[in-house]
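Reading the structure
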Amino acid sequence: MQVRPGDVEAVRRALEEARAAAAAGEVPIGAVVVAADGTVIGTGRNERETTQDPTAHAEVVAIRAAAARVGSWRLDGCTLAVTLEPCPMCAGAAWLSRVDRVVFGAWNEEYGAAGSLWDVLRDRRLNHRPEVVAGVLADECSALLSEFFASRRTEH
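Here is a short report on the structure shown in this document.

Cut-off values and rules
Residues numbered from 1 in each chain as written. Predicted model: local features only at pLDDT ≥ 70, side-chain atom pairs only at ≥ 80, totals over all residues. Heavy atoms only, no water. Pairing = 2+ DSSP bridges. Helix = DSSP H or I, 4+ residues; strand = E, 2+ residues; numbered from the N terminus. Axes fitted to C-alpha atoms, helices over the stretch in contact; angles between N-to-C directions. Contact = heavy atoms within 4.5 Å. Core = buried A, V, L, I, M, F, W, Y, C linked by side-chain atoms within 4.5 Å. Buried < 20%, exposed > 50% of the residue type's maximum accessible area, 1.4 Å probe, protein only. Polar contact = N/O pair within 3.5 Å; in protein donor to acceptor, adjacent residues only side chain to side chain. Phe/Tyr/Trp six-rings, centres within 6.5 Å; stacked < 30°, edge-to-face > 60°.

This next bit is on the sheet that holds strand E3 (residues 79-84). Judged by pairing direction, the sheet is mixed, and its five strands sit side by side in the order E2-E1-E3-E4-E5 without closing on themselves. Single-partner strands in this sheet number two, and they are strand E2 (40-45) and strand E5 (131-134). Across the sheet, the mean angle from the axis of one strand to that of its neighbour is 15°, orientation sign disregarded. Most of the contacts of helix H1 (residues 7-23) go to strand E1 (residues 30-34), to which it runs at about 140°, and overall it touches E1, E2, E3 and strand E4 (101-106).

If you want it as structure tokens, here you go:
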């Protein structure tokens, strides 16, 4: 799938969320939901440590915010942009919210569910399969995660 106008900017905005997560001591993953007209309607960052909520992944936080803003769980026409390939839970949330596209930066070889370890989003058995665009600003997204975990290893 191809990168569209606005995808790079959406991942840049997700990177801002990821940096804010890191500053709060969270794993630096950020996400945004962008409406068809290019308006950001939901933002999210990892909040698991802050909230002690195992479902507070960046994607879920952003999807919840977007659904609240538009007043519907159906996010038809929207793009979910995230700094790291979604895990199975987040891929499921993207599928269930009916986003049209999922755009992500870095591959998640350990938990990825958008093409690396699993491919939940494009499973033909599902009734909705969003377009998946991988590798947008991948180096920048990967570097942020690598730096975060490297700094954690030196602290402990």
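On to the nonpolar core, then. One recurring pattern in soluble globular proteins: nonpolar side chains tend to sit buried together. Counting residues in each nonpolar core, the largest one holds 41 residues, and the members touching the most others are Val33, Leu75, Leu80, Val99 and Leu121. Sorting the residues of this core by element identifies H1, E1, helix H3 (58-70), E3, helix H4 (88-97), E4, E5 and helix H5 (138-155) as the ones contributing at least two each. Among the elements that take part in this core, H3 stands out by supplying five residues, more than any other. In this structure, Val33 is in contact with Thr39, Val40, Ile41, Gly42, Ala62, Ile63, Ala66, Leu75, Cys78, Thr79 and Leu80, ignoring residues within four places of it in sequence.

In terms of burial, E1 is largely enclosed, as five of its five residues are buried. Alignment of E1 against E2, held across five bridges, turns out to be antiparallel. Within the sheet, the bridge partner assigned to Val34 lies in E2 and is Val40. Two elements, E1 and E3, share four bridges in a ladder whose sense is antiparallel. For Val32, the partnering residue across the bridge sits in E3 and is Ala81.

Here Glu131 shows up in strand E5. For Glu131, a relative accessible area of 17% gives the class buried. A polar contact is formed between the side chain of Glu131 and the side chain of Arg101, at a distance of 3.3 Å. Filtering out sequence-adjacent residues up to four positions away, Glu131 remains in contact with Met1, Gln2, Arg4, Asp100, Arg101 and Val102.

Inspection of the entire model under this criterion finds two aromatic pairs. Ring geometry for Phe104 and Trp107: centres 5.0 Å apart, planes at 85°, overall edge-to-face. Phe104 sits in the buried class, given a relative accessible area of 0%. Under the relative-accessibility criterion, Trp107 is labelled partly exposed at 40%.

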